[in-house]
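# A closer look at the structure
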Amino acid sequence: MRFPLIRAIYRKEMLDMFRDRRTMISMLVVPLVVFPLVISVMMRFATRMEANAETEAKTMGIAARVTTPSVREALEKLGVPVKEKGDLRAAVEKKEVAAALEERGETIEVFVDSSNPSSTAAGDRIRTALSELKDQRIRESLRHSGIPESVLTPFTVKRTNIAGERKMAGSVWGTMLGYILLLLMFTGGMYPVIDMTAGEKERKTLEAFLASPAQRREIVMGKTLAAITAIIMTAMLTLASMVYSLHSNRLATKSEEMRNVMKTIPLDANTLAMLVATLIPVAIFAASLMFAIALFARSFKEGQSYLTPLALLVIFPALLGGLPGLQSTPALFLIPIFNASLVIRGIMLGDLSTVNFAVALGANLVYAAIAFVIATRQFEKESVLFRS
Amino acid sequence: MIHVQELSKTFTDPKRGTRLAVDRVSFDVRAGEVFGLLGPNGAGKTTTLRLIATLLKPTGGTATLNGFDINREPAKVREQIGFLSGDMGLYGRLTPREILDFFGQLNSMDTEHRLKRVDQLIAMFDMQNFADVRTDKLSTGMKQKTAIARTMLHDPPILILDEPTSGLDVPTSRTIESAIVQAKKAGKCIIYSTHVMEEAEYLCDRIAVISDGHLKMTGTMDELRAATGKHRLREIFLDLLGLPADVSPDKE
């Protein structure tokens, strides 16, 4: 193999790639624009939905049929209009009121429509108010009977999360990061690979290229290197974009625990280096595999129809590998894509064993080499190159 | 310089079955000679040129180009040739200058020589006005000039040109023809296919007519005239294909 020729092919492919609008959209726009936009909109939408539900519950009010004055008093303190309705269940169903309650002897039944966020919010308020009233009554009864209030709490239960902030953050990040990274690596590499294989065939540029002194494997090497660059770029941009989006949107969430998780991004130099070491063989594997498949296609459109199912196929192992509670054995680290997702989760949690990391790395390097050999062999077949 | 011997190519397709595209074709082309390959569509011209350019592997026979065998030394053969495919094959998102530079690198030309040669060809084909414009924005003539310049860039001893003037206007065709004449004068060995009979008659030293993968006849214009008894190449061509001669509208 002649390095100057491979470098020339690589440079040409990169130049071609950067001037292709479709490739730029899949490689840059999706991770840098679409991804942060989706997270931001989702977070803001969820927060607004919550606030809207509260406001709507206050406007709609609740219906009540109660006889005990203290219960009515507790309801009035909620700051929500209390209305009189004949059929309480129907009133909630027809959204005349957000929620309703009926006192029947010693039972108070609360009617809520759980499919409606404002009804759920009103029901929660009613339950909290009634629970406080119940506690107050119990305490009063105990006082009258001369029994100390401490009988209600013979012992306290304290839950201590030994995971710590770093591990908790790793758990959340590990679940989603592998899946998103691996999926976007395949989709990000898809367009450049189709363009440099089926696209070249469709535009009839391959013939002059093949008639040049460059050997077939030098062409495959130069093109695959360009595809790997595109894949790694997509992965790194996705990672940076995820960090930025989650970090900048953390204040939008109400949960303190979630805010801490989003703030504590477990990405030190060591973690980053391990992530890159994991992703490079996957990128070579993805680029070579897609290259070998897309080469069969006669046109860009045909290439898309070949590679889209592959990108969808990646979803399952990538998603499964990130699931929490999975018992990981070295054998599982041999399964392509799944092993990368497992490793990424392990890296983020900080509990990845050296053996498992080495097994996954070794296996992925072997898969990458096999995929590259297959891609080169395909490129040497005239029935594939001149398929019409 | 080109020695083609019993060259054959069979395509096997699971749906279409086996098809003999080139059947034991033999001919020689000398240095400083323009050799025309004529034939109807699907006759085997492009397949023959692709075999000689080592894009396809022959199923029988062989060819040597400047002493290098297409079966044994395909990489060496490709160093000897400048190949122009029938579809031009230009990268639409690259400019002519970038394309020429890229192919110069593929031909292992050193930077100084490459840049000089690119400028020289841009001037030679009058490409100064569009040398830095993306190729997908250029006219067919401008694209073909770029494609021809790319073929001649590394100054190869052999030029293989598949329909170089196809779809071009007369002035652009003239520029291309002039480049072919200059290359011939410089001692290049040129093999090219065309459907334009006038052009072949004017440019070629010898002509071969191919049909259904078989070489019907090879020779100079005088030899073809003597063998067929016809004067114009168009008449000779039709005669060799077994087709009736032209029918004048006045006589019908």
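Every chain is numbered on its own, with residues counted from 1 as its sequence reads. Key to labels: chains lettered from A, ligands numbered from 1, both in the order written. The model is predicted, so local features are restricted to residues of pLDDT at least 70 and side-chain atom pairs to those at 80 or more, both for listing and for counting; the totals for chains, interfaces and linings are taken over all residues. Side-chain metrics in this entry use all non-hydrogen atoms of the structure; hydrogen atoms and water are not considered.

## Topic: the overall build of chain B
The following threshold applies: Numbering of helices and strands runs from the N terminus, with a helix taken as a DSSP run of H or I at least four residues long and a strand as a DSSP run of E at least two residues long. Computed by Shrake-Rupley with a 1.4 Å probe, the accessible areas treat only the displayed protein chains as cover when residues are assessed. The positive count covers Lys and Arg only, the negative count covers Asp and Glu only, and His and the chain ends enter neither. A single reference atom marks each charge: NZ on Lys, CZ on Arg, CG on Asp, CD on Glu.
The number of helices and strands found in chain B is 9 helices and 10 strands. The principal-axis extents of the C-alpha atoms in chain B amount to approximately 55 × 50 × 40 Å. Surface exposure of chain B reaches about 11,600 Å², of which carbon and sulfur atoms provide 46%. Looking at charge distribution, chain B has the averaged site of its 33 positive side-chain charges lying 4 Å from that of its 34 negative ones.

## Regarding the overall build of chain A
Stated precisely, the cut-off is as follows: The globule rule is 2.2 Å times the number of residues to the power 0.38, and the radius of gyration it is compared with is taken over C-alpha atoms. Accessibility here uses a 1.4 Å probe with only protein chains present; expressed as a share of the type maximum, an area under 20% marks a residue as buried, one over 50% as exposed, and anything in between as partly exposed.
Summing up its helical and strand segments, chain A has 15 helices and 4 strands in all. For chain A, the C-alpha radius of gyration of 30 Å lies well beyond 21 Å, the compact-globule estimate for 388 residues. Taking the principal axes of its C-alpha atoms as reference, chain A extends roughly 100 × 45 × 30 Å. Relative to its full complement of 388 residues, chain A shows a buried share of 46%.

## Observations concerning the environment of Thr 151 of chain B
Here Thr 151 of chain B is to be found in helix H5 (residues 140-152). It is 8.1 Å that separates the C-alpha atoms of Thr 151 of chain B and Ile 81 of chain B, two residues lying 70 residues apart in sequence.

## Structural notes on a nonpolar patch on the surface
Residue and element names in this part refer to chain A. We apply this condition: Each patch is assembled from residues with relative accessible area greater than 30% and no salt bridge, linking like charges that lie within 9 Å and nonpolar side chains (Val, Leu, Ile, Met, Phe, Trp, Tyr) that lie within 5 Å. Throughout this description, the term salt bridge denotes a Lys or Arg side-chain nitrogen within 4 Å of a carboxyl oxygen of Asp or Glu.
The grouping of Ile 25, Val 29, Leu 32, Val 33, Val 34, Val 38 and Met 42 at the surface amounts to a nonpolar patch, some 580 Å² of accessible area in total. Along the chain, Leu 32 falls in helix H2 (residues 21-60). Classification of Leu 32 by relative accessible area gives partly exposed; the value is 44%.

## Quick look at the interface of chain B and chain A
To keep it simple, the criterion reads: Between two residues, a contact is recorded if the distance between any of their heavy atoms is within 4.5 Å. Accessible-area loss on putting two parts together, using a 1.4 Å probe and summing over both, is the definition of buried area adopted here. Within 3.5 Å is the distance limit for a polar contact, defined as a pair of N or O atoms, with the added protein rule that one can donate a hydrogen and the other accept it, and that residues adjacent in sequence qualify only through two side-chain atoms. Each residue gets one label: Ala, Val, Leu, Ile, Met, Phe, Trp, Tyr, Cys and Pro are nonpolar, Asp, Glu, Lys and Arg are charged, and the others, such as Gly, are polar.
Each partner contributes residues to the interface: chain B has 29 residues there, and chain A has 27 residues. Note on chain B versus chain A: buried area summed over both sides is about 2,700 Å², and carbon and sulfur give 54% of it. Interface area lost by chain B to chain A is led by Tyr 91, Arg 93 and Leu 106 of chain B, which between them contribute 28%. Counting every contact that joins chain B to chain A gives 6 salt bridges. We note a salt bridge from Asp 16 of chain A to Arg 93 of chain B, for which the minimum N-O separation is 3.0 Å. For the pair chain B and chain A, the interface holds 10 residue pairs in polar contact (both at pLDDT 80 or more). Looking at the side of chain B that touches chain A, the elements with two or more residues in it are helix H2 (74-80), strand E6 (81-84) and helix H3 (96-106) of chain B. Looking at the side of chain B that touches chain A residue by residue, the classes come out as 11 nonpolar, 7 polar and 11 charged.

## What to know about H5 of chain B
We apply this condition: What a helix should span is 1.5 Å times the count of its residues minus one.
Its 13 residues place the ends of H5 of chain B 18 Å apart at the C-alpha level, agreeing with the 18 Å of an ideal helix rising 1.5 Å per residue. The buried fraction of H5 of chain B is high, at 10 of 13 residues. All of the buried residues along H5 of chain B are Gly 141, Gln 144, Lys 145, Thr 146, Ala 147, Ile 148, Ala 149, Arg 150, Thr 151 and Met 152 of chain B. Lining the buried residues of H5 of chain B we find helix H8 (206-210) of chain A together with E6, H3, helix H4 (111-124), strand E7 (158-162) and helix H6 (170-185) of chain B.

## Some details on the packing of aromatic side chains
Put simply, the rule reads: To pair, rings of Phe, Tyr and Trp, with the six-membered ring standing in for Trp, must have centres within 6.5 Å; the planes then decide the type, stacked if under 30 degrees apart, edge-to-face if over 60, and tilted in the middle.
Applying the stated criterion across every chain yields a total of 8 aromatic pairs over all chains. Taken together, a centroid distance of 6.4 Å and an interplanar angle of 90° make the contact between Phe 209 of chain A and Tyr 91 of chain B edge-to-face. Of this pair, Phe 209 of chain A sits in helix H8 while Tyr 91 of chain B is found in the loop between E6 and H3, placing the two residues in two different chains. The exposure classification of Phe 209 of chain A matches that of Tyr 91 of chain B, with both residues buried.

## Here we look at the nonpolar core
The following threshold applies: In this text, buried Ala, Val, Leu, Ile, Met, Phe, Trp, Tyr and Cys residues form a nonpolar core when linked through side-chain atoms within 4.5 Å.
Core analysis: the largest hydrophobic core is formed by 156 residues, its most contacted members being Leu 177, Met 290 and Phe 379 of chain A together with Leu 65, Ile 160 and Ile 207 of chain B. Each residue touching Ile 207 of chain B, except ones within four places of it in the same chain, is listed here: Gly 36, Leu 38, Ala 200, Met 217, Thr 218, Gly 219, Met 221, Leu 224 and Leu 233 of chain B. Counting residues in each nonpolar core, the second largest holds 18 residues, with Ile 62, Leu 75, Val 80 and Ile 126 of chain A among its members.

## Brief notes about the pairing of strand E8 (residues 189-193) of chain B
Each regular strand displays side chains that alternate between the two surfaces of the sheet. Residue and element names in this part refer to chain B. Let me state the cut-off plainly: Note on pairing: two strands pair once DSSP finds at least 2 bridges between them. A clockwise course of the path from the first strand over the helix to the second, judged with the strands pointing away from the viewer, identifies a crossover as right-handed.
Burial within E8 is extensive, with 5 of its 5 residues counted as buried. Neither face of E8 is open: one carries Cys 189, Ile 191 and Ser 193, the other Ile 190 and Tyr 192, and all of them are buried. As paired elements, strand E3 (residues 34-38) and E8 share 4 bridges and run parallel to each other. Looking at E8, one finds that Gly 36 is bridged to Tyr 192. Taken together, the 5 bridges between E7 and E8 define a ladder with parallel strand orientation. Paired with Asp 162 across the two strands is Ser 193, which belongs to E8. As for the winding sense of the linkage, the β-α-β connection from E7 through H6 to E8 is right-handed.

## Observations concerning the pattern of salt bridges
One pass over the full model with this rule turns up 35 salt bridges over all chains. Across the salt bridge formed by Glu 13 of chain A and Lys 223 of chain A, the nearest N and O atoms sit 2.8 Å from each other. Taken together, the positions of Glu 13 of chain A in helix H1 (residues 3-18) and Lys 223 of chain A in helix H9 (residues 216-248) put the pair 210 residues apart, joining distant regions of the chain. The burial state of Glu 13 of chain A is the same as that of Lys 223 of chain A; both residues are buried. Note that Glu 382 of chain A is salt-bridged to Lys 9 of chain B, the shortest N-O span being 2.2 Å. With one member in each of two chains, Glu 382 of chain A in helix H15 (residues 382-385) and Lys 9 of chain B in strand E1 (residues 2-13) form a pair that bridges those chains.

## Observations concerning the packing of H9 of chain A against helix H11 (residues 269-294) of chain A
Residues and elements named next belong to chain A. Operational definition: Every angle, taken between N-to-C directions, lies between 0 and 180 degrees, and every axis is a line fitted to C-alpha atoms, over only the stretch in contact when it is a helix. These descriptions rest on fixed angle ranges, namely under 35 degrees for roughly parallel, over 145 for roughly antiparallel, 65 to 115 for roughly perpendicular, and the rest for oblique. In this scheme, a crossing is called left-handed if the near helix is turned counterclockwise away from the far one by less than a right angle; it is called right-handed if the turn is clockwise.
For the pair H9 and H11, interaxial distance at closest approach is 9 Å and the crossing angle is 135°. Between H9 and H11, the angle is such that the two are oblique. Helix-helix and strand crossings are classified by hand; for H9 and H11 the assignment is right-handed. Contacts between H9 and H11 involve Val 220, Lys 223, Thr 224, Ala 227, Ile 228, Ile 231, Ile 232, Ala 235, Met 236 and Leu 239 from the first element and Leu 272, Leu 275, Val 276, Leu 279, Ile 280, Ala 283, Ile 284, Ala 286, Ala 287, Ser 288, Met 290 and Phe 291 from the second. The residue inventory of the contact of H9 with H11, partitioned by class, reads 19 nonpolar, 2 polar and 1 charged.

## Here's the deal with the domain arrangement of chain A
Worth spelling out the cut-off: Where each domain starts and ends follows an automatic or database-derived domain assignment.
Per the domain assignment, the segments of chain A are domain 1 (3-47 + 165-385) and domain 2 (61-152). Between the C-alpha centres of domain 1 of chain A and domain 2 of chain A the distance comes to 54 Å.

## Thoughts on the sheet that holds strand E4 (residues 107-111) of chain A
All names here are of chain A. If you walk across this open sheet you meet the 4 strands as E2-E1-E3-E4, and the pairing is mixed. Each edge of the open sheet carries a strand with a single partner, namely strand E2 (82-83) and E4. Note that strand E3 (residues 99-104) and E4 share 5 bridges and pair antiparallel. The partner of Leu 101 across the bridge, within E4, is Val 110.

## Considering the confidence of the model for chain A
Applicable threshold: You can read pLDDT as the predictor saying how much it trusts each residue, on a scale of 0 to 100.
Averaged over chain A, the pLDDT score is 87; the fraction of residues at 70 or greater is 95%. Within chain A, H1 of chain A carries the highest mean pLDDT (94), whereas helix H10 (residues 256-263) of chain A carries the lowest (66).

## What about the sheet that holds strand E4 (residues 60-65) of chain B?
All names here are of chain B. An order of E2-E1-E4-E5 is seen for the 4 strands of this open sheet, with the pairing classed as antiparallel. The sheet is open, and its two edges are formed by strand E2 (17-29) and strand E5 (68-69), each paired on a single side. Pairing analysis gives 2 bridges linking E4 to E5, with the strands arranged antiparallel. From the neighbouring strand, Leu 65 faces E5, where its bridge partner is Phe 68. Where helix H1 (residues 45-52) meets the sheet, its contacts fall on E1, E2 and E4, and the angle it forms with E1 comes to roughly 115°.

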